[in-house]
Amino acid sequence: QGRWKEAEELQAKELKICSRVLGEEHPSTLTSMNNLAHTWKSQSRNEDAILLMRKCCQLLNQILGPRHPHTEASLKTLSEWLIENLEIGL
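Residues numbered from 1 in each chain as written. Predicted model: local features only at pLDDT ≥ 70, side-chain atom pairs only at ≥ 80, totals over all residues. Heavy atoms only, no water.

1. Some words on helix H1 (residues 4-21)
The condition that has to hold: We count a stretch as a helix when DSSP gives it H or I for four or more residues in a row; a strand needs E for two or more, and each element gets its number in order from the N terminus. Under the convention used throughout, the expected extent of a helix is 1.5 Å for every residue step, that is, one less than its residue count. Two residues qualify as a contact provided that any one of their heavy atoms is within 4.5 Å of a heavy atom in the partner residue.
Here H1 contains 18 residues, and its C-alpha end-to-end distance of 25 Å stays within 8% of the 26 Å for a straight helix at 1.5 Å per residue. Structurally, H1 contributes buried residues whose contacts are with helix H2 (27-42). Phi turns positive one or two residues past the end of H1, at Gly-23, with a value near 100°.

And the structure:
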């Protein structure tokens with residue numbers, strides 16, 4: 001619906017709560033982290049999105065392993081974003 005600011009506010013709150021209650025390494029926290037990164041990307045906050053996705057990928061790799069589908073999907077997204085930023089000169 002294009003309501004990115006509202007989505008960002010809710011996802012940031014969700015990430016904060018998940019991190020506090022479940023811990024940063026919990027799969028639900030990592031999902032929240034991934035969702036917020038995608039929202040930032042949709043808002044053209046590319047640097048913020050890449051930094052958060054990079055952190056998410058590192059944690060997913062540690063927790064779920066490199067061959068887990070969530071890890072692979074997040075790494076693919078991160079690599080696409082990095083390539084896109086190189087192409088536009090960021």
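2. Re a nonpolar patch on the surface
Using the following cut-off: Only residues whose relative accessible area exceeds 30% and that form no salt bridge enter a patch; like-charged residues are grouped when within 9 Å of one another, and nonpolar side chains (Val, Leu, Ile, Met, Phe, Trp, Tyr) when within 5 Å. The protein chains shown are the only cover counted for residues, whose accessible areas, like all others here, come from Shrake-Rupley with a 1.4 Å probe. Any Lys or Arg side-chain nitrogen found within 4 Å of a carboxyl oxygen on Asp or Glu counts as a salt bridge. Think of it in three bands: with a 1.4 Å probe and only protein chains considered, a residue is buried below 20% of the maximum accessible area for its type, exposed above 50%, and partly exposed in between.
A surface patch of nonpolar side chains, amounting to about 270 Å² of accessible area, comprises Ile-17, Val-21 and Leu-22. For Leu-22, the position within the fold is in the loop between H1 and H2. Note on Leu-22: relative accessible area 41%, which makes it partly exposed.

3. As for the environment of Ile-88
Mapped onto the fold, Ile-88 is located in helix H4 (residues 69-88). Under the relative-accessibility criterion, Ile-88 is labelled exposed at 54%. For Ile-88 and His-68, which are 20 residues apart along the polypeptide, the C-alpha to C-alpha distance reads 31 Å.

4. Some remarks on the confidence of the model for the chain
Which entries qualify depends on this criterion: Per-residue confidence from the predictor is reported as pLDDT, a score between 0 and 100.
Looking at the chain as a whole, the pLDDT averages 94, with 98% of positions reaching at least 70. Per-element confidence in the chain ranges from a low mean pLDDT of 94 for H4 to a high of 97 for helix H3 (residues 46-63).

5. Comments concerning the nonpolar core
Condition: Put simply, a nonpolar core is a bunch of buried Ala, Val, Leu, Ile, Met, Phe, Trp, Tyr and Cys residues held in one set by side-chain atoms that sit within 4.5 Å of each other.
Core analysis: the biggest nonpolar cluster contains 16 residues, and Leu-30, Met-33, Leu-52, Met-53, Cys-56 and Trp-81 have the highest contact counts within it. Elements that contribute at least two residues to this core include exactly H2, H3 and H4. The element contributing the most residues to this core is H3, with eight residues. In this structure Met-33 touches Leu-15, Glu-24, Leu-52, Lys-55, Cys-56 and Leu-59, once residues within four positions along its chain are discounted.

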